[in-house]
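Summary of structural features
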Amino acid sequence: MNLRCPACRKLRIRLFLPLAVLSLALVAYVQLVWAPSSIEYSKNFYHRMQDRQLGNIAEGLIPLLLSDQLAEIHTSLDTFKGENGDWLAIELFNAKGERLYPLEPPRTDLAGPDVDVHRRPILLEGRPLGVLQVTENHHQLLADIRAAHHRLILVLLVVPIALLAVLAVALELAVSRPVAQLADASQKLADGQFDAALPEGNQDEIGQLVRNFASMREEIRRNQADLLQLNATLEQRVQEELTKNREKDMLLIQQSRLAAMGEMVHNIAHQWRQPLNALALVIRNIKDDYEFGELGAESLNRAVTNAQNLLNRMSTTIDDFRDFFRPDQESKPFSLADEVRAAAAIMEAAYRNNGITLELDLHEGLVADGYPSLYSQAVLNILANAKEIIQARQIEKGHVTVRLREAEGWGVLTVNDNGGGIPPEVLPKIFDPYFTTKEQGSGIGLYMTKMIIEKNMNGQVAAANADDGARLTISVPLQKAP
Amino acid sequence: MKNLFALLFLWLLTAPAFADTYTFGVVPQFEQRKTFAIWSPILAELEKRTGQRFELVTTATIPAFEKLFNDGKVDFAYMNPYYMVENVQGYLPLVRDDKPIVGILVVRRDSPYQTPADLEGKEVAFPSPNAIGASLLIRADLARQFHVNIVPRYVKSHSSVYLHVAQGLTAGGGGVVKTLEEQKPEVKDALRVLYTTRSIPSHPVSAHPRIPKKVREAVREALLALASTPEGKPLLAEVPMTRPVAAYAKDYEPMRGYGMDDLFVREQ
């Protein structure tokens, strides 16, 4: 019997314990309830039989008593006593109480636990003729019954024990051993061994379990082989994916740069529109002055100075844009308000030309560690996005408010617009790459903002609807005080 | 030739063509099966020895047999010897046992009674009123010899008499030696004989006077001869007739003066 199999021991306990308990309960019931009541019933039945027999004897004695046939009485009662081995004594008394039988009075030490005295009055038409008294000992009867009970109890004990033994053997052969083998094979499978012996599969549930286990093991073996092969190439594939991701990132960055450059060009166009118009006017004025013969050194110098100023402004714009988009070399402390203003300066002309007011409410002195150009680029993306929304929805009096505050060690920048807000179904996706609601949008601006703030500056970005538009929030940790 | 046939015819008329069947009545001292068991072999021997045929007859009760006897309806009878005194049919005794009949009066061994006179007024058990030895003789002697009045109690059998006395239910009881000897030791040891009566001859086998003398004598001789044979002696001992002798009416004459007549109970 496999005693090293804990599961098998539990199975045996679950199977055999109820049987054992039931058997013991049955034995206890038989011993404590059924046997005593059986004995009591037998005693009562015996007493009834004795009374009936005494009645019959008494009836038979009536004619003998009436005719004083004492010899016949003695002969009869001797016979009855001989036939009833459990009768210790029979006595017959006449109506006067004189003993008629036996000749000598019986012993007086006949009392006992299983000894009873039965008295039967003998009557004829209500007239007492005598009394028949029998002292009987039903000890042997009870002993026989008790012996039968003991045999029954023995059977009730032996049969379940035999049954349990047979069941134990059957369980061992049919269940425990196969289960132990399966458990061993499972353990070896967990250790990576696929060659553990399995029990023979019969056409029963255990056999089905064995077959299923074998199939499962084979499947695991194949999967493991695939995984190992996969694992062998995993590093290579990871490198490939990393390279792809870097390329994607580079592409994104490139696209972002291109987008930023496009934005820059667009903003340069905005910035240069007015100076170019003014420059055109200066040149025209020179022509008009020449045509009207009013061109002199003074007017010419004035025109040249105006033109030079305009060209200087335009050149400053180029420098501003160039510096804005020059990548930072290293992480360093920077003023959040300065970079917000730089981004706002880039967008100023575009806002103005589109009739959008840009309000800045910036607290000074908020310094963060990071890449200032990336921060300002992130702010620029948000400002550009706000302008595009106001333009796309043709908001009459477009307005964007930029507010910079400190909150519990964070520099919190909020950009509110009155562009009508972000649709609820769009809101969760606005920071996703390549997600755009614009017909010709790239969908990477806000994604780049999120990447810049979260990856490079350990900050957070958030978008929500507020008032009559959207509110985008950029939070970056402020430099800790020394 | 004609005369010869006439004589032959006359002889056939007067002489028995086959042996006659005689009824042999036996008083029911025992129950009928025992009576038949005792007497059937004896009658078979008689048939062999006498050439006659005998039919055993008995009754369920003694009074019934007494009526048969008094009516003369049996040819031969084994009967209470008292009936030899009355004998209205004149039955002639043939054979009897040599041993006379005496009755015994028993009391408990530990009783204070020393003489029959001590039983004055006491209850005394008897088998039946007309049992010759166990009742009639004793009652006759108590009344005639000792002038004792007792209260008789008839208890059907000798064994019952002894048990009544041993059990102390009666002061005394009447029986005969033979039946007393047949009791269990504990019964016998509880009793003692207070008085033994005068004797009378034993029960006779008797024949009705209508039976031819030749046949009567043949039966007498056959019984006496049977008693002397090894096979016959035990048969007759069962009767009981241990030593059969020829019996005559004169053997029973002394009984007339015993005073049993008034004590004999006649069934109606």
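Let me begin by describing the structure that accompanies this report. (Residues numbered from 1 in each chain as written. Chains lettered and ligands numbered in written order. Predicted model: local features only at pLDDT ≥ 70, side-chain atom pairs only at ≥ 80, totals over all residues.)

Overview of the overall build of chain A
Stated precisely, the cut-off is as follows: Only DSSP runs of H or I covering at least 4 residues are called helices, and only runs of E covering at least 2 are called strands; the numbering of each starts at the N terminus. Counting other C-beta atoms within 10 Å of its own, a residue is labelled buried from 20 upward, exposed at 12 or fewer, and partly exposed in the gap between, with every C-beta atom placed from the backbone. By definition, residues are in contact whenever their C-beta atoms, placed on the basis of the backbone, come within 7 Å of each other.
Secondary structure assignment for chain A yields eight helices and 11 strands. Sorting the 482 residues of chain A into buried and exposed places 23% on the buried side. Long-range pairs, those at least 24 residues apart, make up 70% of the contacts in chain A with a sequence separation of at least 6.

Some points on the overall build of chain B
Scanning chain B from terminus to terminus reveals 10 helices and 11 strands. In chain B, once contacts between residues fewer than 6 apart in sequence are set aside, the share between residues at least 24 apart is 81%.

Considering the interface of chain B and chain A
The cut-off we apply is this: Throughout, the ten residues Ala, Val, Leu, Ile, Met, Phe, Trp, Tyr, Cys and Pro are labelled nonpolar, Asp, Glu, Lys and Arg are labelled charged, and all others, Gly among them, are labelled polar.
The interface of chain B with chain A comprises 14 residues on the first partner and 10 residues on the second. Secondary-structure elements contributing two or more residues to the side of chain B that touches chain A are α6 (158–166) and α8 (185–188) of chain B. If one sorts the elements of the side of chain B that touches chain A by residue count, α6 of chain B sits on top with five residues. For the side of chain B that touches chain A, the class distribution of residues is six nonpolar, five polar and three charged.

As for helix α8 (residues 445–457) of chain A
Residues and elements named next belong to chain A. Rules: How far a helix is expected to stretch is found by multiplying one less than its residue total by 1.5 Å.
Look at α8: 17 Å from first C-alpha to last across 13 residues, which is about the 18 Å you get at 1.5 Å a residue. Along α8, 10 of the 13 residues are buried, which leaves the element largely enclosed by surrounding structure. Trailing α8 by a residue or two, N458 shows a phi angle of about 55°, which is positive.

Comments concerning the sheet that holds strand β5 (residues 104–108) of chain B
Residues and elements named next belong to chain B. Definition in use: Any two strands are treated as partners once DSSP identifies two or more bridges connecting them. A fitted line through C-alpha atoms represents every axis, and for helices the fit uses only the stretch in contact; the resulting angles, taken between N-to-C directions, go from 0 to 180 degrees.
Spatially, β7-β6-β8-β5-β9 is the arrangement adopted by the five strands of the open sheet, whose pairing is mixed. The two strands at the open ends of the sheet, each matched to only one other strand, are β7 (151–154) and β9 (191–196). On average, adjacent strands in this sheet sit at an angle of 30° to one another, irrespective of strand direction. Where β5 lies against strand β8 (residues 172–175), four bridges are found, and the strand directions are antiparallel. Paired with V106 across the strands is G173, a residue of β8. Here helix α5 (residues 132–145) sits on the sheet in contact with β5, β6 (123–126), β7 and β8, set at roughly 120° to β8. Here α6 sits on the sheet and contacts β5, β6, β8 and β9; the angle it forms with β8, its principal contact strand, is near 160°.

Notes on the packing of helix α7 (residues 372–392) of chain A against α8 of chain A
Residue and element names in this part refer to chain A. Put simply, the test is: In this scheme, roughly parallel covers angles under 35 degrees and roughly antiparallel covers those over 145, while 65 to 115 is roughly perpendicular and the rest are oblique. In this scheme, a crossing is called left-handed if the near helix is turned counterclockwise away from the far one by less than a right angle; it is called right-handed if the turn is clockwise.
Close contact between α7 and α8 brings their axes to 9 Å; oriented N to C, the two are set at 150°. When the axes of α7 and α8 are compared, the pair comes out roughly antiparallel. Where α7 crosses over α8, the two elements pack in a sense that is left-handed. Residue-level contacts link L374, Y375, Q377, A378, N381, I382, A384 and N385 of α7 to G445, L446, M448, T449, I452, I453, N456 and M457 of α8. Its residues placed into classes, the contact of α7 with α8 shows 10 nonpolar, six polar and no charged.

Here's the deal with the sheet that holds strand β11 (residues 244–246) of chain B
Strand pairing in a sheet relies on backbone hydrogen bonds, with the paired strands running either antiparallel or parallel. Residue and element names in this part refer to chain B. The sheet built from six strands is open, its strands ordered β2-β1-β3-β10-β4-β11 with mixed pairing. The sheet is open, and its two edges are formed by β2 (53–57) and β11, each paired on a single side. Within the sheet, the average angular offset between the axes of one strand and its neighbour, ignoring direction, is 25°. Note that strand β1 (residues 21–26) and strand β3 (residues 76–78) share three bridges and pair parallel. The partner of G25 across the bridge, within β3, is A77. Of the strands in this sheet, β1 and β2 are in contact with helix α2 (residues 32–50), which crosses β2 at around 170°.

Just geometry here; none of it tells us what the structure is for.
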